[in-house]
Amino acid sequence: MEISEGSLVMYKGTGTVGVVKVLKDEDDGQWAFLDSTGLYYHISTLEPIEKIPERKELGGGTLEDLERLMKSQQEMMDQAKMRDETLETGG
């Protein structure tokens with residue numbers, strides 16, 4: 001099954017589930033914006049699914065716990081990326 005706008009997907013890393021709202025192409029591949037987290041995920045880390053898994057299938061904490069964890073990790077990665085992009089070099 002191919003991932004497109006409107007697809008229900010699950011992030012393989014944590015089980016975060018959401019609907020793809022936007023797809024965008026970048027130099028490093030295609031990214032999907034999920035409605036549930038407000039974050040972009042590389043398309044290779046997402047798996048299309050037909051229905052939201054039941055809580056017991058998520059393997060532990062609640063979906064909200066997992067989404068909160070993912071959002072904080074993404075914010076840290078975004079901050080690190082901004083630091084890298086604003087680094088000035090002499091020469």
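Relevant structure appears above.
Since the structure is predicted, the reported quantities are computational estimates derived from the model, not experimental observations.

Undergrad: Go over the side chain of Q74 with me, naming the residues and quoting the values.
TA: Inspection of the secondary structure assignment puts Q74 in helix α1 (residues 63-86). Contact partners of Q74, with chain neighbours within four places excluded, come to L39 and Y40.

Undergrad: Lay out the layout of surface pockets with the relevant residues and their values.
TA: The computed volume of the largest pocket comes to approximately 310 Å³. The wall of the largest pocket is formed by K24, E26, D28, W31, G38, L39, Y40, Q74, M77, D78 and K81. Every element with two or more residues in the lining of the largest pocket is listed here: β2 (17-26), β4 (39-42) and α1. Per-element accounting of the lining of the largest pocket gives the leading share, 4 residues, to α1. In terms of residue class, the lining of the largest pocket is built from 4 nonpolar, 2 polar and 5 charged.

Undergrad: Any details on the sheet that holds strand β3 (residues 29-34)? Residues and values, ideally.
TA: Taken together, the 5 strands give an open sheet; going across it, the order is β4-β3-β2-β1-β5, and neighbouring strands pair in antiparallel fashion. Across the chains shown, the open sheet's two edge strands, defined by having one partner strand only, are β4 and β5 (46-48). Strand-to-strand, the axes of this sheet are offset by a mean angle of 50°, without reference to chain direction. Summarising the sheet, strand β1 (residues 8-11) and β2 pair through 3 bridges and their orientation is antiparallel. From the neighbouring strand, V9 faces β2, where its bridge partner is G18.

Undergrad: Before we move on, can you summarise the packing of aromatic side chains with the specific residues and values?
TA: Taken as a whole and assessed by the stated rule, the structure comprises 2 aromatic pairs. Over the ring of Y40 we find K24; its NZ or CZ atom is 4.3 Å from the centre of that ring.

Undergrad: Got a sec to walk through the environment of M1? Specific residues and values, please.
TA: Secondary-structure assignment places M1 in the segment before β1. In sequence terms M1 and P48 are 47 residues apart; their C-alpha atoms lie 6.5 Å from each other. Setting aside chain neighbours within four positions, we find M1 in contact with P48, I49 and E50.

Undergrad: Could you give an account of the pattern of salt bridges, naming the residues involved and the relevant values?
TA: Tallied over the entire structure, the rule returns 1 salt bridge. A salt bridge links K24 to E26; the shortest N-O distance between them is 3.7 Å.

Undergrad: An account of the pairing of β2 is needed here, citing residue identities and associated values.
TA: Taking the residues that link successive antiparallel strands as the turn, the β1-β2 hairpin has 5 residues, and the phi of G15 there is positive, at about 90°. Direction of pairing for β2 relative to β3: antiparallel, over a ladder of 6 bridges. Residue pairing for β3: E26 is matched across the bridge by G29. The antiparallel pairing of β2 with β3 creates a hairpin that spans 2 residues between the two strands.

The rules behind the values
- Residues numbered from 1 in each chain as written.
- Predicted model: local features only at pLDDT ≥ 70, side-chain atom pairs only at ≥ 80, totals over all residues.
- Heavy atoms only, no water.
- Helix = DSSP H or I, 4+ residues; strand = E, 2+ residues; numbered from the N terminus.
- Contact = heavy atoms within 4.5 Å.
- 1 Å grid on protein atoms, 1.4 Å probe; cavity = no way out; pocket = protein on both sides within 12 Å on 5 of 7 lines; lining within 4 Å.
- Points joined across faces, edges and corners; volume = space filled by probe spheres on them.
- Nonpolar A, V, L, I, M, F, W, Y, C, P; charged D, E, K, R; others polar.
- Pairing = 2+ DSSP bridges.
- Axes fitted to C-alpha atoms, helices over the stretch in contact; angles between N-to-C directions.
- Phe/Tyr/Trp six-rings, centres within 6.5 Å; stacked < 30°, edge-to-face > 60°.
- Lys NZ or Arg CZ within 6 Å of the ring centre and 35° of its normal.
- Salt bridge = Lys/Arg side-chain N within 4 Å of Asp/Glu carboxyl O.

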